[in-house]
Amino acid sequence: MPTRGVIYVHSTPLAVSSHVEWAIARVLGTPVRLEWSVQPVEPSARRAQCSWTGATGTGGELAAALRQWPMIRFEVTEEPSPGVDGERFMHVPGRGLFRGSTSANGDIVLSEDRLRALVAGARGYDTLAHTLEKALGAPWDAELEPYRHAADGVPLTLLTRVG
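No experiment lies behind these values; they were computed from the predicted model shown.

**Q** I keep staring at the overall build of the protein and nothing clicks. Help me out?
**A** Broken down by element type, the protein carries 5 helices and 8 strands. When the helices and strands of the protein are read in sequence order from the N terminus, they spell out β-α-β-β-α-β-β-β-β-α-α-α-β. Relative to the compact-globule value of 15 Å for 163 residues, the protein shows a C-alpha radius of gyration of 16 Å, a close match. Within the span of the protein, comprising 163 residues, buried residues form 40% of the whole. Look at the contacts in the protein between residues 6 or more apart in sequence, and 62% of them connect residues 24 or more apart. Surface accessibility of the protein: about 8,600 Å² in total, with carbon and sulfur atoms responsible for 55%.

**Q** I tried to follow the side chain of His-91 on my own but got confused; where do I start?
**A** Topologically, His-91 is positioned in strand β5 (residues 86–92). A distance of 2.8 Å separates a polar atom in the side chain of His-91 from the backbone oxygen of Ile-72. Aside from chain neighbours lying at most four places away, what touches His-91 is Arg-67, Trp-69, Pro-70, Ile-72, Arg-73, Phe-74, Gly-96, Leu-97 and Leu-144.

**Q** Where do I start with helix α5 (residues 138–149) in this structure?
**A** Because each turn of an α-helix spans 3.6 residues, side chains separated by three or four positions in sequence point in the same direction. When the terminal C-alpha atoms of α5 are compared, their 16 Å separation across 12 residues agrees well with the 16 Å that a helix rising 1.5 Å per residue should span. Buried within α5 we find Trp-140, Leu-144 and Tyr-147. End-on view of α5: buried residues confined to an arc of 35°, all on one side of the axis. Counted as exposed and oriented over 90 degrees from the buried face of α5: Ala-142 and His-149.

**Q** Honestly, the environment of Gly-106 in this entry has me stumped. Any pointers?
**A** Tracing the backbone through its elements, the reader meets Gly-106 in the loop between β6 (96–102) and β7 (108–109). Put simply, Gly-106 and Leu-34 are 72 residues apart on the chain and 24 Å apart in space, counted from C-alpha to C-alpha.

**Q** I'm lost on the environment of Glu-133 in this one. Help?
**A** When you line up the elements, Glu-133 lands in helix α4 (residues 125–135). Glu-133 has contacts with Ala-138 and Pro-139, leaving out every residue within four places of it along the chain.

**Q** Before we go on, may I ask you to explain the nonpolar core in this structure?
**A** Soluble globular proteins tend to pack their nonpolar side chains together in the buried interior. If you look at the biggest cluster of nonpolar residues, it comprises 23 residues, and the most contacted ones within it are Ile-7, Val-20, Ile-24, Leu-62, Leu-66, Ile-72 and Val-76. Elements with a minimum of two residues in this core: β1 (2–13), α1 (17–28), β3 (42–55), α2 (58–66) and β4 (73–78). A total of 6 residues in this core trace back to one element, the largest contributor, which is α1. If we ignore the near neighbours within four places in the chain, the residues touching Leu-62 are Ile-7, Ile-24, Val-27, Leu-28, Trp-52 and Val-76. By size, the runner-up hydrophobic cluster in this structure holds 6 residues, among which are Met-90, Val-92, Ile-108 and Leu-144.

Rules of the game
Residues numbered from 1 in each chain as written. Predicted model: local features only at pLDDT ≥ 70, side-chain atom pairs only at ≥ 80, totals over all residues. Heavy atoms only, no water. Helix = DSSP H or I, 4+ residues; strand = E, 2+ residues; numbered from the N terminus. Rg over C-alpha atoms; globule rule 2.2 N^0.38 Å. Buried < 20%, exposed > 50% of the residue type's maximum accessible area, 1.4 Å probe, protein only. Contact = heavy atoms within 4.5 Å. Areas by Shrake-Rupley, 256 points an atom, 1.4 Å probe, with all protein chains shown as cover. Polar contact = N/O pair within 3.5 Å; in protein donor to acceptor, adjacent residues only side chain to side chain. Expected span 1.5 Å × (residues − 1). Arc of directions from axis to C-beta. Core = buried A, V, L, I, M, F, W, Y, C linked by side-chain atoms within 4.5 Å.

If you want it as structure tokens, here you go:
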């Protein structure tokens with residue numbers, strides 16, 4: 001069942017931008033040429049975004065391919081498809097990769113079992129609050145937010161997975 005999503009490369013060194021395109025091309029099975037622009041938050045870096053279509057699980061494959069370069073800030077989304085939750089992946093240098101299931105509107109969702117485990121393991125309100133924030137990806141969101149706002153008006157490239 002095909003699905004779709006978006007890749008946001010929020011910042012990458014200029015020298016790595018072609019490697020990012022090659023990584024995406026390997027996953028999608030088609031040549032990729034992104035429209036790179038200067039990242040205003042980090043002028044020596046470049047940013048780009050593209051939408052993609054492909055089989056369920058392609059978002060995870062794209063995130064795995066991009067995290068090979070630990071200096072890249074990126075997000076990959078995959079929309080829900082019949083019988084499969086959506087996903088959002090966020091990567092921040094020094095923090096690593098976050099993966100979360102998403103609802104139809106893109107919110108990170110936690111399963112009942114995951115919530116029960118977080119509550120059972122908490123030793124007080126502050127610990128629970130911190131654990132919930134981390135489980136929802138809040139530290140990654142906070143670090144990526146300035147880079148997201150700098151993206152307003154950036155062109156979007158459309159990509160389709162082959163085969």
